[in-house]
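As a plain string of letters, each chain reads:
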Amino acid sequence: MDSRAGERPPDREDGGSAHHGPQRGRRVRVGLLADPGAPTDLASWLVRDLPAVLAEQVDEAIEWVVSTETREVPLDERGRVPLESLAREQRERQEWDLVIVVTDLPRRTGARPVATVVSDRTSSGLVSLPGLGALGVRRRARGAVVQLVRALSGGARHARGRRPVGIPRWSPLRLVEGEAEAHLALVGLRGRLRLLAGMVRDNRPWRLVPYLSTATAAAAATGAYAIVTTTFWTMATSLSPLRLLLISVVAIVAMSTWLITYNHLWDRPPDQDARAEAVLYNAATAITMIIGVTCMYVLLYLAGLLAALALIDPGYFSAQLQRPISIGTYLKLVWLASSVGIVAGALGSSLESEEAVRNATYGRRELERQRDCAAGAT
C-alpha cells in the first residue's frame, strides 16, 4: 500500500546528502513508514493534511510532499527498530528526504520510555504509539511528526531536559539527547502511566469476548441457568448491593488471574536488568485482562437482564419470593448470575488454545515480543 499527498518531484538536485536538512525553495519528500494495523491507519489519516500543517508550522517556503508505505518494520536482536539502517534503505528505495517510522512497539532509551526518536545523521525519526498514551492519539501523533520534521529541517534545538515548542507545560515529555539520537522521553510517574495506558490501548482488550468464544459461551450458559433457578432468586434478593459489588470484583479478578496464569502470560525474565521492564509489561497484561473480562461481564449482564425480563413473569417471581418485586429485584438477580457466569467462563477458557488467548489480549508487536521471550527461555 502506497498513498501520496501530491506528485513526487522528478529528481533531487543535490544528488544526495539529505541529512543536513532540506533547503528552502525545494520540494521535500517526507515518508511515513508504518507497521501494519493501527500505525498504518494512523499514517493514512496523517498523510491527508500533513503537507498543509508542515507548511504552516515548519516552513511555508518548502513544498512538502508526504507519502506513506505499509511494511512490517524489522526488529534487531534486542527487539528494537534499527532506525538508521532502515532509513538508509528507504531513502535509496523510495527517494525520501526524511523518513519517519510509525510503530506500535514501545521504545526505551536506557530505563526511560520514549515517545519519539530523531536521528540527524540519517534524517530519520520514529514515533512510538504507546508513548502517546491512550487518548488523543491522532492529535498527539500529528504533533509528534511535526516536531520530528522541524528538528530534521534544522529547526531550533531545545535545551536538554526542556519541553519542545507546542508541548503543554503539564506534559511528561522532556528532551533527552544521546550521542547519535535525541528523544522525547516520558519522565516521572505520569510518563510511565501514559506509556502503560498506550500499551493497554494497543492490546485492544475489548477483543477478548469474540476471541474467547468457548469461555463466553460457558459464562452465558451458567448465567442463564442461574437466572431460572429459584435458589438464586432467594439468594440474590437477600444480598446487599455492596456484597454483590464485592462478589463481582472478586469474580472479575479471579477470571483475569486464571487467564494470565493458565496461559503463561506473566513475564518472569531471569535477567535482572529485564525485570524492571517486565514490571511494565506485566502491568499492561493485567490491566488488559481486567478490562477485557469487565467488557465480557457487562455484555453478559445486559444479555441476562433481557432474558430475565422476558422469561420470568413478575407475578410468578413475586409468588416464589413471597414479597413484592421491583426492577431492582431483577437487577440483583442478574447481578449475581453474571458473577457466577464469569467464574464458569474462566473454567471454559481452559478449552481455548494458548495462542487464541494471546491473540485476544496482545497487539501484534507485543505478540512478537512474547514469542521472542518464550523462544529465549527454551
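Computed from a prediction, not measured in an experiment: that's the story for all the values here.

S.K.: Which parts of the structure should I look at to understand the overall build of the protein chain?
M.R.: Looking only at helices and strands, the protein chain features 13 helices and nine strands. Within the span of the protein chain, comprising 378 residues, buried residues form 49% of the whole. With the model as given, the accessible surface of the protein chain reaches about 18200 Å², and the carbon-plus-sulfur share is 58%.

S.K.: Would you mind going over the packing of helix 10 (residues 314-321) against helix 11 (residues 327-348) with me for this structure?
M.R.: If you want to describe how two helices pack, look at the angle between their axes and the distance between the axes. Two elements in contact, helix 10 and helix 11, have axes separated by 12 Å at closest approach and are oriented at 75°. As the angle between them shows, helix 10 and helix 11 are arranged roughly perpendicular. For the pair helix 10 and helix 11, the contacting residues are P314, F317 and L321 in the first and T329, Y330 and L333 in the second. A per-class count over the contact of helix 10 with helix 11 returns five nonpolar, one polar and no charged.

S.K.: Please clarify how the nonpolar core should be interpreted in this entry.
M.R.: Across soluble globular proteins, nonpolar side chains have a tendency to be buried as a group. In this structure, V30, L32, L54, W64, I100, V127 and V145 are the most contacted members of the largest nonpolar core, which totals 44 residues. Considering every element that reaches this core, the biggest residue donor is helix 3 (residues 137-152), with nine residues. Non-local contacts of L54, meaning those with residues more than four positions away in its chain, are made with V30, D59, W64, V66, V146 and V149. Listed in part, the 19 residues of the second largest apolar core include L208, A219, I252 and V357.

S.K.: Hey, could you run me through the packing of aromatic side chains in this one?
M.R.: The geometry of an aromatic ring pair comes down to the distance between the two centres and the angle between the two planes. In total, this model carries four aromatic pairs according to the counting rule given. Plain terms: the ring middles of W258 and Y262 are 5.1 Å apart, the flat faces sit at 15° to each other, and that makes the pair stacked. Highlighted residues: W258 and Y262, both in helix 8 (residues 241-262), separated by four residues, approximately one helical turn. Under the relative-accessibility criterion, W258 is labelled partly exposed at 30%.

S.K.: Is there a simple way to explain the pattern of salt bridges in this structure?
M.R.: A side chain with one charge can pair with a side chain of the opposite charge if their charged atoms come near. Tallied over the full model, the rule gives seven salt bridges. The residue D49 makes a salt bridge to R142 at a minimum N-O spacing of 2.9 Å. Of the two residues, D49 is situated in helix 1 (residues 38-57) and R142 in helix 3; the sequence distance between them amounts to 93 residues. Exposure remark for D49: the relative accessible area of 27% places this residue in the partly exposed category. The class for R142 is partly exposed, based on a relative accessible area of 25%.

S.K.: Teacher, can you tell me more about the packing of helix 7 (residues 230-238) against helix 11 here?
M.R.: Where helix 7 contacts helix 11, the axes come no closer than 8 Å and their chain directions differ by 110°. In terms of orientation, helix 7 and helix 11 fall into the roughly perpendicular class. Touching F232, W233, M235, A236 and T237 of helix 7 are T329, K332, L333, L336 and V340, all from helix 11. Split into classes, the residues belonging to the contact of helix 7 with helix 11 amount to seven nonpolar, two polar and one charged.

S.K.: Looking at this model, I keep getting lost on helix 4 (residues 188-203). Mind explaining?
M.R.: Along an α-helix, residues three or four apart share an orientation, since each turn contains 3.6 residues. For helix 4, which comprises 16 residues, the first-to-last C-alpha distance of 23 Å matches the rise-based estimate of 22 Å (1.5 Å per residue) to within 8%. Within the sequence span of helix 4, burial applies to G191, R194, L195, L196, G198, M199, V200, D202 and N203. Looking at the residues trailing helix 4, positive phi occurs at R204, about 50°.

S.K.: Even after reading the chapter, I still don't get unusual backbone geometry, so can you show me in this structure?
M.R.: Working note: non-glycine residues mostly have negative phi, and peptide bonds are mostly trans. The phi dihedral of S123 is positive, around 45°, even though this residue is not glycine. Along the chain, S123 turns up in the loop between strand 6 (112-119) and strand 7 (124-128). One non-glycine residue, R204, lies in positive phi territory at about 50°. Position of R204 relative to the elements: it lies in the loop between helix 4 and helix 5 (208-211).

S.K.: Where do I start with the side chain of D97 in this structure?
M.R.: As for its placement among the helices and strands, D97 is situated in the loop between helix 2 (83-94) and strand 4 (98-103). On the accessibility criterion, D97 (4% relative accessible area) is buried. A distance of 2.8 Å separates a polar atom in the side chain of D97 from the backbone nitrogen of R29.

S.K.: When you look at the pairing of strand 2 (residues 27-34) in this model, what are you seeing that I'm missing?
M.R.: Looking down a regular strand, the side chains alternate between one sheet face and the other. Taken across its eight residues, strand 2 has seven buried, putting it largely inside the fold. Relative to strand 3 (residues 63-70), strand 2 is paired through eight bridges, and the arrangement is parallel. Bridge pairing in strand 3 places R29 opposite V65. At this point the chain moves from strand 2, through helix 1, to the parallel strand 3, and the crossover so formed is right-handed. Pairing of strand 2 with strand 4 involves five bridges; the strand directions are parallel. Residue pairing for strand 4: L33 is matched across the bridge by V101.

S.K.: What's the story with the confidence of the model for the protein chain in this structure? I'm lost.
M.R.: Fine structural detail should not be taken from predicted coordinates in areas where pLDDT scores are low. For the protein chain, mean pLDDT is 81; residues scoring 70 or higher make up 80% of the total. Low pLDDT (under 50) marks residues 1-20, which in the prediction has 41 contacts with non-local residues, meaning those over four places away or in another chain. This stretch, residues 156-161, has a pLDDT under 50; its non-local contacts, to residues over four places away or in other chains, come to 13 contacts.

S.K.: Is there a simple way to explain a nonpolar patch on the surface in this structure?
M.R.: Among the surface-exposed residues, L242, L245, V249 and V253 lie close enough to one another that they form a single nonpolar patch of about 370 Å² accessible area. With respect to the element layout, V253 can be found in helix 8. You can call V253 partly exposed: its relative accessible area is 41%.

What counts and what doesn't
Residues numbered from 1 in each chain as written. Predicted model: local features only at pLDDT ≥ 70, side-chain atom pairs only at ≥ 80, totals over all residues. Heavy atoms only, no water. Helix = DSSP H or I, 4+ residues; strand = E, 2+ residues; numbered from the N terminus. Buried < 20%, exposed > 50% of the residue type's maximum accessible area, 1.4 Å probe, protein only. Areas by Shrake-Rupley, 256 points an atom, 1.4 Å probe, with all protein chains shown as cover. Axes fitted to C-alpha atoms, helices over the stretch in contact; angles between N-to-C directions. Parallel < 35°, antiparallel > 145°, perpendicular 65-115°, else oblique. Contact = heavy atoms within 4.5 Å. Nonpolar A, V, L, I, M, F, W, Y, C, P; charged D, E, K, R; others polar. Core = buried A, V, L, I, M, F, W, Y, C linked by side-chain atoms within 4.5 Å. Phe/Tyr/Trp six-rings, centres within 6.5 Å; stacked < 30°, edge-to-face > 60°. Salt bridge = Lys/Arg side-chain N within 4 Å of Asp/Glu carboxyl O. Expected span 1.5 Å × (residues − 1). Polar contact = N/O pair within 3.5 Å; in protein donor to acceptor, adjacent residues only side chain to side chain. Pairing = 2+ DSSP bridges. Right-handed = clockwise from strand over helix to strand, strands pointing away. pLDDT = per-residue confidence, 0-100. Patch = residues over 30% accessible without salt bridge, like charges linked within 9 Å, V, L, I, M, F, W, Y side chains within 5 Å.

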